[in-house]
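Spelled out, the chains give:
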Amino acid sequence: MKKRASLSLLLCMLLLCACGKTQSAPAAGNENKAVRITLAGDTASVKGGGASVNGSTVTVGSVGEYRLTGTLTDGQIVVDTGENAVDVTLVLDGADISNSAGPALWVKQAKNVHVVLAANSQNRLASGVEADLASYDEGRSGAAVFSEDDLVFEGEGALAVYGYLNNGITCKDDLKIKGGALTVLSANNGVRASESIAVSGGALSVTAGNDGIKTSSDAKPGKGYIEISDGSIRVASGGDAIAAVTELRVTGGTIQTESRRELVTLASRKGLKAGTLLEITGGSLEIRADEDGLHCDGDVRVTGGSLYVAASTGVQSGVKGSGVGDIALSGGSVFLSAAKQAMKAEGGLAVSGELLALCNSEKQAVPDAGGQAWLLAALEGSAGETLQIGGQSYSVPQRFTQLYFTAPGVAAGETLTVRLGERSYTQQARQ
């Protein structure tokens with residue numbers, strides 16, 4: 001089935017997702033000992049051993065550090081160490097590499113490949129040409145970065161990845177982002193790894209016609225997860241923003257996502273999505289989605305951090321009809337704005353943290369009896385109005401008819417005041 005992405009909208013969202021300040025990362029090794037690869041249009045030259053040039057293809061075949069500079073107009077960097085699986089470090093220091101028909105960087109075989117972005121450098125890797133975005137077909141292949149083995153991005157420079165043909169970054173094993181400022185624009189998935197993705201630093205900005213950041217395989221035990229512990233992530237996607245086939249864990253960092261149907265027509269446009277567990281223990285998250293803000297076929301747990309969600313359904317847990325899949329909000333600060341239901345749990349619902357939920361469903365779930373006191377009120381508000389409750393002030397992102405509020409210290413029978421614009425309402429909390 002053919003899918004078309006709007007180039008103007010993609011580029012507009014890319015500007016909105018401009019990267020912020022990068023995190024520090026370990027520097028590359030001794031610059032004087034690195035093999036130097038100078039890119040020059042349709043060819044290249046190598047100073048040192050371990051790499052060879054054949055026309056516009058540069059092949060790295062041995063362990064070591066390789067520093068790339070210059071422009072390769074229609075060529076490819078290949079890492080292939082053969083049966084001798086070894087570590088390779090590629091230092092991008094003002095490297096601009098494009099390939100009209102396939103990956104600009106292809107890791108064919110190695111043990112670990114570290115892509116280090118040299119401090120203050122601007123780098124670019126592109127597959128296809130810009131016009132390919134408007135004619136994207138899902139049968140077309142060619143990620144700008146394609147790796148068969150483990151891949152690590154780090155450093156203090158910047159890298160723009162343009163997956164005009166298909167994906168931006170594809171890794172068949174484990175992918176780690178430790179530093180640098182990465183900007184990814186792709187016709188299909190932005191950043192995709194089969195086994196795992198771990199973000200522990202840097203600034204990652206993704207604009208994708210399909211899913212933004214995703215894992216795709218749970219074939220190996222303990223794999224298929226996404227873990228975000230630090231750094232800055234911004235995603236504008238036509239599909240799911242961040243999706244893990246097994247567990248999605250956020251322990252820190254800053255995350256902003258927006259899933260929009262205007263980018264491309266797809267079945268799923270969720271914010272954060274997980275197969276077995278979605279857990280947030282820290283960080284600052286702002287999630288906007290056409291469908292579920294947080295979605296997991298298993299449990300959803302929030303124990304810390306700051307979470308803002310504006311979506312169709314705020315939080316969804318469990319597979320429909322399974323009776324399994326709990327929502328547990330026990331810490332942090334949570335704000336949910338839902339066009340439909342704020343919280344929808346196939347299993348149990350327990351809230352013992354701070355939560356304000358605005359929705360348009362009279363069937364809004366309430367926590368199991370005996371927990372923290374809460375308030376559920378029929379109250380109508382509009383987008384743009386200011387709402388005040390519990391000493392906090394909120395800007396309402398979309399129309400609502402139901403308000404749910406709870407926070408530690410709220411007692412059953414306590415009278416709570418809600419101010420909405422110039423209006424004021426009082427109601428007693430219950431348990």
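Residues numbered from 1 in each chain as written. Predicted model: local features only at pLDDT ≥ 70, side-chain atom pairs only at ≥ 80, totals over all residues. Heavy atoms only, no water.

S.K.: Residues and numbers for the confidence of the model for the protein chain, please.
M.R.: Low pLDDT marks regions whose predicted coordinates should not be analysed in detail. On average, the protein chain scores 90 in pLDDT, and the residues at 70 or more come to 90%. Across residues 1–27, confidence stays below pLDDT 50; counting only partners more than four residues off in sequence or on other chains, it has 76 contacts. (pLDDT = per-residue confidence, 0-100. Contact = heavy atoms within 4.5 Å.)

S.K.: Which residues make up the pattern of salt bridges, and what values go with them?
M.R.: In this structure the tally under the stated criterion is 16 salt bridges. Here Lys223 makes a salt bridge to Asp174, at a shortest N to O gap of 3.0 Å. Taken together, the positions of Lys223 in the loop between β19 (213–215) and β20 (225–237) and Asp174 in strand β15 (residues 174–177) put the pair 49 residues apart, joining distant regions of the chain. Among the residues examined, Lys223 registers a relative accessible area of 22% and is labelled partly exposed. (Salt bridge = Lys/Arg side-chain N within 4 Å of Asp/Glu carboxyl O. Helix = DSSP H or I, 4+ residues; strand = E, 2+ residues; numbered from the N terminus. Buried < 20%, exposed > 50% of the residue type's maximum accessible area, 1.4 Å probe, protein only.)

S.K.: Tell me about the pairing of strand β38 (residues 415–420), and name the residues and values.
M.R.: Working note: regular strand, side chains alternate between the two faces of the sheet. Going residue by residue along β38, you find Leu416, Val418 and Leu420 tucked away on one face and Thr415, Thr417 and Arg419 left uncovered on the opposite face. As paired strands, strand β35 (residues 386–389) and β38 are joined by 2 bridges and run antiparallel to one another. Residue pairing for β38: Leu387 is matched across the bridge by Leu420. Sheet topology note: the β38/strand β39 (residues 423–428) ladder contains 6 bridges and is antiparallel. (Pairing = 2+ DSSP bridges.)

S.K.: An account of a positive patch on the surface is requested, with residue identities and associated values reported.
M.R.: On the surface, Lys320, Lys340, Lys344 and Lys363 cluster together to form a positively charged patch. Mapping Lys340 onto the fold places it in the loop between β30 (327–338) and β31 (343–345). (Patch = residues over 30% accessible without salt bridge, like charges linked within 9 Å, V, L, I, M, F, W, Y side chains within 5 Å. Areas by Shrake-Rupley, 256 points an atom, 1.4 Å probe, with all protein chains shown as cover. Lys, Arg positive; Asp, Glu negative; His and termini not counted. Charge placed at Lys NZ, Arg CZ, Asp CG, Glu CD.)

S.K.: If you had to explain the pairing of strand β28 (residues 299–311) to someone new, which residues and values would you point to?
M.R.: As judged from the 4 bridges shared by strand β25 (residues 277–280) and β28, these two strands associate in the parallel manner. By the bridge assignment, Ile280 is partnered in β28 with Val302. Relative to β30, β28 runs parallel, the two being bridged by 10 bridges. From the neighbouring strand, Leu307 faces β30, where its bridge partner is Val334.

S.K.: Requested: an account of the environment of Glu286, with residues and values cited.
M.R.: For Glu286, the position within the fold is in strand β26 (residues 284–289). Glu286 has contacts with Ile255, Gln256, Thr257 and Tyr308, leaving out every residue within four places of it along the chain. At 3.2 Å, the side chain of Glu286 and the side chain of Arg288 are in polar contact. (Polar contact = N/O pair within 3.5 Å; in protein donor to acceptor, adjacent residues only side chain to side chain.)

S.K.: Requested: an account of the nonpolar core, with residues and values cited.
M.R.: Ranked by size, the top nonpolar core spans 85 residues in total, and within it Leu151, Phe153, Ile169, Ile213, Ile242 and Leu294 carry the most contacts. If you look at the next biggest cluster of nonpolar residues, it comprises 20 residues, including Ala373, Leu387, Ala407 and Val418. (Core = buried A, V, L, I, M, F, W, Y, C linked by side-chain atoms within 4.5 Å.)

S.K.: Could you give me a rundown of the sheet that holds β38, with the residues and numbers involved?
M.R.: Working definition: the strands of a sheet are paired by backbone hydrogen bonds and lie parallel or antiparallel to each other. Read across the sheet, 4 strands follow the order β36-β35-β38-β39 without closing on themselves; strand pairing throughout is antiparallel. Each of the sheet's edge strands pairs with one partner strand only, and the pair in question is β36 (392–395) and β39. For this sheet, the mean inter-axis angle between neighbouring strands, taken without regard to orientation, is 20°. (Axes fitted to C-alpha atoms, helices over the stretch in contact; angles between N-to-C directions.)

S.K.: Hey, could you go over the packing of aromatic side chains for me, with residue numbers and the actual values?
M.R.: Counting across every chain of the model gives 4 aromatic pairs. Considering the side-chain rings of Phe335 and Tyr394, the 5.3 Å spacing of their centres and the 10° angle between planes classify their relative orientation as stacked. With Phe335 in strand β30 and Tyr394 in strand β36, this pair connects stretches of sequence that are 59 residues apart. Their ring planes at 25° and their centres at 5.9 Å tell us that Trp374 and Tyr404 sit as a pair that is stacked. Residue Trp374 is found in strand β34 (residues 374–381), and its partner Tyr404 is found in strand β37 (residues 400–406); the two are separated by 30 residues along the sequence. The exposure class assigned to Tyr404 is buried, which follows from its relative accessible area of 1%. What links up through ring pairs into an aromatic cluster is the set Tyr308, Phe335 and Tyr394. In this structure, Arg249 packs its charged tip against the face of Tyr225, placed 5.2 Å from the ring centre. (Phe/Tyr/Trp six-rings, centres within 6.5 Å; stacked < 30°, edge-to-face > 60°. Lys NZ or Arg CZ within 6 Å of the ring centre and 35° of its normal.)

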